[in-house]
Amino acid sequence: MTARPSIYNIFLFLVSLLATGCLGTRYLEQGEYLLYEQRIKGAQRVSESELSDFYRQEPNRRLPILPIAPYVWLYHEGQKNYDLEKIEQEAEQVREKYEQKVTKAQRKGKDRKVQRLERKQNEKLAKLEKKKEEGTLFMRWGEPLSVYDSSKAEATRRQMESYLHTKGFFEGEVSRNVRVEDRQVTSTYTIIEKEPYRIDSMNYLSDDTTILTLVQDNIRNKIIKENQIYDQDKLGRLRESIENLLKNNGYYDFSRQYIEFRVDSTIGERKVRVYTLIREPAKRGFHKQFELDSIIFTTDADVRGYTGERKVSTYNDVTYRYHRYQYYKKILGRRVLIDKNNPYSREQTLETQRQLSNLDVFKFININYDTTGGKFIANIYASPLKKFQTSTEVGLNVSQGLPGPFVNASLQVRNVFGGLEILELSGRAGIEGVPPVVGEATGGAVFASREAGGNLSLTFPQFILPLPERWKQDLGRFNPKTRLQTGYNYVDRPEYTRTNFQTSMAYTWQKGQKAQYILTPIDFNFIDSRIKLDTFQTILNNSLETYGIPLNRSFEPSFVTSTSFTATFNFNNYGANPLLGEKNQGTPSYLRLFFESGGTLLNFFGTETLDDAELAYFKFLKFNPDFRQYISLSKEKTLAYRVNVGLAFPYNEDPDDQVLPYEKYFFAGGSNSIRAWLPRRLGPGSVSPDSVDSNGYFEYNLEQPGEILLEASVEYRQNLFGFVNGALFVDAGNVWRLREFRTDSGTDPNPSRQGSAQFAFNSFIPQIAVGAGAGLRFDFSFLILRFDYGIKIYDPAREVYDRNEDEPTGRWIGQKFDVWDEIANGVLNIGIGYPF
């Protein structure tokens, strides 16, 4: 076996890199020191993360794990090519050049050319101005050397100390210590909290008894309670809560500037008494509570081409103004949540604006209030979107293999029948590189999977159910929708073709911006498959021996019906920026719960018709929760993790026919799963593949379906420079069978295979595969191109002894094969977007 560098040699190489000044110390001037690290000690009740926000200086960014700062090198290399005088001369040359061209074009009366030349001139000057202000490309990607500044360190100490006082530690102190080694400074801030001051009592004062009663009934003891540690931030939240409370109870022009706090810390025993004063406005002398006198809804605010006055009609106390009647007022009015003769509410105003926007028939919704003439009038202005809208999308698609081109085309028709319905006709065609299901028959190469399909859907902005009108009116705040859909999908893989005619009915609704629910009571699928590869047909015929399950039934002509429910919860804007966390904005989290019951209707209507038509059918239960979260480590560093669990339980009457439709199985491996394994190739359990290559490595030739899925991933993300982001990750998981099928004779279907595919609580932990690796993400704004390289760290398929050799193998990396060979046999994943 070829000799490889040892870990020790790598360590020596990194040390030599450090010795050459990769931390940037060689760029220091005489008497300067590098700020290498900053630490906080002694913080027990105060958050270290919040204290670190007060750093007036930051050390230079370093690569993950390695103490190397390449960004300083980038900056100084770019600085060598930065010449301010040359940039200004180039800008002047651009001005002169284009001024001559513009003058020449103006003389010839070529106005469009003048505009084009001026646009080009402005673009080039903007680039030069950016280069002048921010430096060369390397300077923008890199960062200047972080030279230690004692005055900034002292300012940091003072701000930390002030922050302690805002958190109730009025006697708290902060000291700093500086340690210098090899011209590198480590600055340590020691927090001395001492005993905190606590709330003795909260007192609310106002000359307006109505406001005082409202605040005391709704706010008192909810944000700040007696005996809590004093926290100035909570006073800010209290001010905001009082403002929101009053604005939602008719006080339209109330502002938080009328709220004042007085804190008395002289009462002893480290107690404070807080007085909340709600002052009256100087001009009016009192806070007025506004009630809506009328609501006027203009449905075509910016539509042109009409002459004369708009028509006016009223329904449910809402006056509608329009040039041409377009929308069914009963449906539209369910999204208007403000009521005549009721107090003004900012919350209901914003919710009305949001629900009207959710209809997807208006470009913008603007709600303002008119207080002139002694009346309080709500004006709703809506601008309709185009009735017909087409869109075409071309791009790359990645689901389980290599990226491939796709094209989407759609036609959308709004307000089809006047009830704000949306009709959509869409088509899709694409090609994607996938490993074949039967790799051994095709040499393990990647083949093209072609997919084409079309869908026709009709969406109603209400629940199509026999509900009382009052219920439908109340449901308007939940963005209710009913979606009827029918479609056709065609998949052409190397092993088979598969067609699916699908019809479904789904109800969707939302609760605020955090929760979305989808109930699909009806989902019918007629599936037909045609086997193209004889080897694959052989595997299906012998699927009990090959897979351990009678998979051939999954590829028979079949009728699949199911009922499903999906609940999705998004907390703190998960997904808005999957790389950079937002400190002090909460932890972004995502939870998706999915439940599906297959063949439920067959329990009521029987299967005789399907038996006569020789259509296979399936009965199953499926549950799949998926949780994800981002944890901000700093401005440009995030720790993200995911836990994905799945269970599918087939329950046909015949115990030997308890299988799932192929699409309903769980699979592990691939760019959005366990990245050290090929797509859909991991598992099941500790079962080892049937073949090995010439070097003794397993060949993962077959897709491995399972009824149980366990997956977890942890990923460290960091911006490297510019649009290039990096990641280090660890993935763990596997799929298992619920039960082991037996042959007619009652024996194991494949006694020669090693390991167990069946899930068992007393043995599943050693069967969890572990992969790790690194990745690059190229953020092009319109898409994120992702490259991940995964290495098998722990492979449960490797048993104690190899089937070809009587030698111990071991499941951990490096136990049988050289570590460098293991790395060379890793898996490169190419994906679009982040894995989670």
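Keep in mind it's a predicted model, so treat the numbers as computed, not measured.

Now for the packing of aromatic side chains. In the structure shown here, the tally under the stated rule is 45 aromatic pairs. Judged by centre distance (5.1 Å) and plane angle (10 degrees), the rings of Tyr369 and Phe376 are stacked. Residue Phe376 is classed as buried on the basis of its relative accessible area of 2%. When the ring of Tyr517 is compared with that of Phe565, the centres are 6.2 Å apart and the planes differ by 15 degrees; the resulting orientation is stacked. Taken together, the positions of Tyr517 in strand 18 (residues 515-531) and Phe565 in strand 19 (residues 558-571) put the pair 48 residues apart, joining distant regions of the chain. Under the relative-accessibility criterion, Phe565 is labelled partly exposed at 30%. Taking the ring centre of Phe667 as reference, the NZ or CZ of Arg680 above it sits at 3.7 Å.

What follows is about a positive patch on the surface. On the surface, a cluster of positive charge is contributed by Lys97, Lys101, Lys104, Lys108, Lys110, Lys113, Arg116, Arg119, Lys120, Lys124 and Lys127. Among the elements of the structure, helix 4 (84-107) and helix 5 (111-134) are those that each provide at least two residues to the positive patch. The greatest single-element share of the positive patch, amounting to 6 residues, is contributed by helix 5. With respect to the helices, strands and loops of the structure, Lys101 is situated in helix 4.

Formed by 28 residues in total, the largest nonpolar core has its most connected members in Phe555, Phe618, Tyr662, Tyr665, Trp677 and Leu682. Setting aside anything within four residues of it in sequence, one finds Phe555 in contact with Tyr496, Arg498, Ser529, Ile531, Phe536, Leu540 and Tyr662. Counting residues in hydrophobic clusters, the runner-up holds 25 residues, among them Tyr320, Tyr322, Ala378 and Ile380.

If you walk across this open sheet you meet the 5 strands as 8-9-7-11-10, and the pairing is mixed. With partners counted over all chains shown, the strands left at the sheet margins are strand 8 (311-315) and strand 10 (362-370), one partner each. Averaged over all pairs of adjacent strands, the angle between strand axes in this sheet comes to 20 degrees, irrespective of strand direction. Examined bridge by bridge, strand 8 and strand 9 (residues 318-322) share 5 bridges and lie antiparallel to one another.

Further remarks concern helix 13 (residues 534-541). Buried within helix 13 are the following residues: Phe536, Ile539 and Leu540. One face of helix 13 carries all of its buried residues, which in axial projection span an arc of 100 degrees. Exposed residues lying more than 90 degrees from the buried face of helix 13 are Asp534 and Asn541.

As a further point, take the confidence of the model for the protein. Mean pLDDT over the protein works out to 85, with 89% of the residues at or above the 70 mark. Predicted confidence for residues 1-8 stays below pLDDT 50, and this span has 6 contacts to residues more than four positions away or in other chains. This model gives residues 16-21 a pLDDT under 50, and the stretch forms 7 contacts once residues within four places in sequence are excluded.

The subject of this paragraph is the pattern of salt bridges. Tallied over the entire structure, the rule returns 39 salt bridges. Between Arg273 and Asp200 there is a salt bridge whose closest N-O contact spans 3.4 Å. On the criterion of sequence distance, the pair formed by Arg273 in strand 6 (residues 271-278) and Asp200 in strand 4 (residues 198-206) is long-range, its members being 73 residues apart. When its relative accessible area of 25% is taken as the criterion, Arg273 is described as partly exposed. Close ionic contact of Glu243 with Arg256 constitutes a salt bridge, the shortest N to O distance being 2.8 Å. Taken as a pair, Glu243 in helix 9 (residues 232-247) and Arg256 in the loop between helix 9 and strand 5 (259-264) lie far apart in primary sequence, 13 residues in all. Its relative accessible area of 7% is what places Glu243 among the buried residues. Judged by relative accessible area, Arg256 falls into the partly exposed class, the value being 38%. Several salt bridges converge on common partners, so that one network encompasses Arg675, Glu715, Arg717, Asp731, Arg777, Arg786 and Asp788.

What follows concerns the sheet that holds strand 2 (residues 173-181). An order of 1-3-2 is seen for the 3 strands of this open sheet, with the pairing classed as mixed. Of all the strands in the sheet, the pair left with one neighbour each is strand 1 (34-41) and strand 2. The mean inter-strand angle of the sheet, taken between neighbouring strand axes irrespective of direction, is 20 degrees. Sheet topology note: the strand 1/strand 3 (residues 184-192) ladder contains 7 bridges and is parallel. Of the residues in strand 3, the one forming a bridge with Ile40 is Tyr189. Its contacts with the sheet put helix 7 (residues 150-166) on strand 1, strand 2 and strand 3, and the angle it makes with strand 2 is roughly 150 degrees.

Taking 1.5 Å per residue, 17 residues should reach 24 Å; helix 7 reaches 25 Å between its end C-alpha atoms and fits that length. Turning to helix 7, its buried residues number three or more, namely Ala153, Ala155, Thr156, Arg157, Met160, Tyr163, Leu164 and Thr166. Looking at the residues trailing helix 7, positive phi occurs at Gly168, about 95 degrees.

Our focus in this paragraph is the pairing of strand 26 (residues 708-721). Across the 14 residues that make up strand 26, a large majority, 10, are buried. Looking at chain direction, strand 23 (residues 637-650) and strand 26 are connected through 11 bridges and run antiparallel. Bridge pairing in strand 26 links Asn644 to Glu711. Taken together, the 13 bridges between strand 26 and strand 27 (residues 724-736) define a ladder with antiparallel strand orientation. Each residue of the ladder has a partner; that of Arg717, found in strand 27, is Ala727. Here strand 26 hands over to strand 27 after 2 residues, with Gly722 in that stretch at a positive phi of 50 degrees.

Calculation rules
Every chain's residues receive numbers from 1 upward, in the order its sequence appears when written. Given that the model is predicted, a residue must reach a pLDDT of at least 70 before its local features are reported, and side-chain atom pairs must reach 80 or more before they are shown or counted; all residues, however, enter totals for whole chains, interfaces and linings. By convention in this description, side-chain values take in all heavy atoms of the structure and omit both hydrogens and water. Planes of paired rings set the category: under 30 degrees apart is stacked, over 60 is edge-to-face and the rest tilted, where pairs are Phe, Tyr or Trp rings (Trp by its six-membered ring) whose centres lie within 6.5 Å. Accessibility here uses a 1.4 Å probe with only protein chains present; expressed as a share of the type maximum, an area under 20% marks a residue as buried, one over 50% as exposed, and anything in between as partly exposed. Each helix is a run of H or I in the DSSP string that is no shorter than four residues. Each strand is a run of E no shorter than two, and both are numbered from the N terminus. Throughout this description, the term charge over a ring refers to an Arg CZ or Lys NZ atom that lies within 6 Å of the ring centre and within 35 degrees of the ring normal. Patch membership needs two things, relative accessible area over 30% and no salt bridge, and members are linked within 9 Å if like-charged or within 5 Å if nonpolar (Val, Leu, Ile, Met, Phe, Trp, Tyr). In these tables, accessible area is a Shrake-Rupley quantity obtained with a 1.4 Å probe, and a residue counts as shielded only by the protein chains included in the view. We define a salt bridge as a contact between a side-chain nitrogen of Lys or Arg and a carboxyl oxygen of Asp or Glu at a distance within 4 Å. For the purpose of charge, His is not counted, nor are the chain termini; Lys and Arg are scored as positive and Asp and Glu as negative. Charge placement uses NZ in Lys and CZ in Arg. For Asp and Glu, CG and CD serve respectively. We define the nonpolar core as a collection of buried residues of types Ala, Val, Leu, Ile, Met, Phe, Trp, Tyr and Cys that are connected through side-chain atoms lying within 4.5 Å of one another. What makes two residues a contact is simply this: any of their non-hydrogen atoms within 4.5 Å. Here, a strand pair is defined by DSSP locating no fewer than two bridges between the strands. Working convention: axes come from line fits to C-alpha atoms, limited for helices to the stretch in contact. Angles between N-to-C directions cover 0 to 180 degrees. Starting at the helix axis, one direction is taken to each C-beta atom, and the arc is that of these directions. In predicted models, pLDDT denotes the confidence assigned by the predictor to each residue on a 0 to 100 scale. To estimate the expected span of a helix, count its residues, drop one, and scale the result by 1.5 Å.

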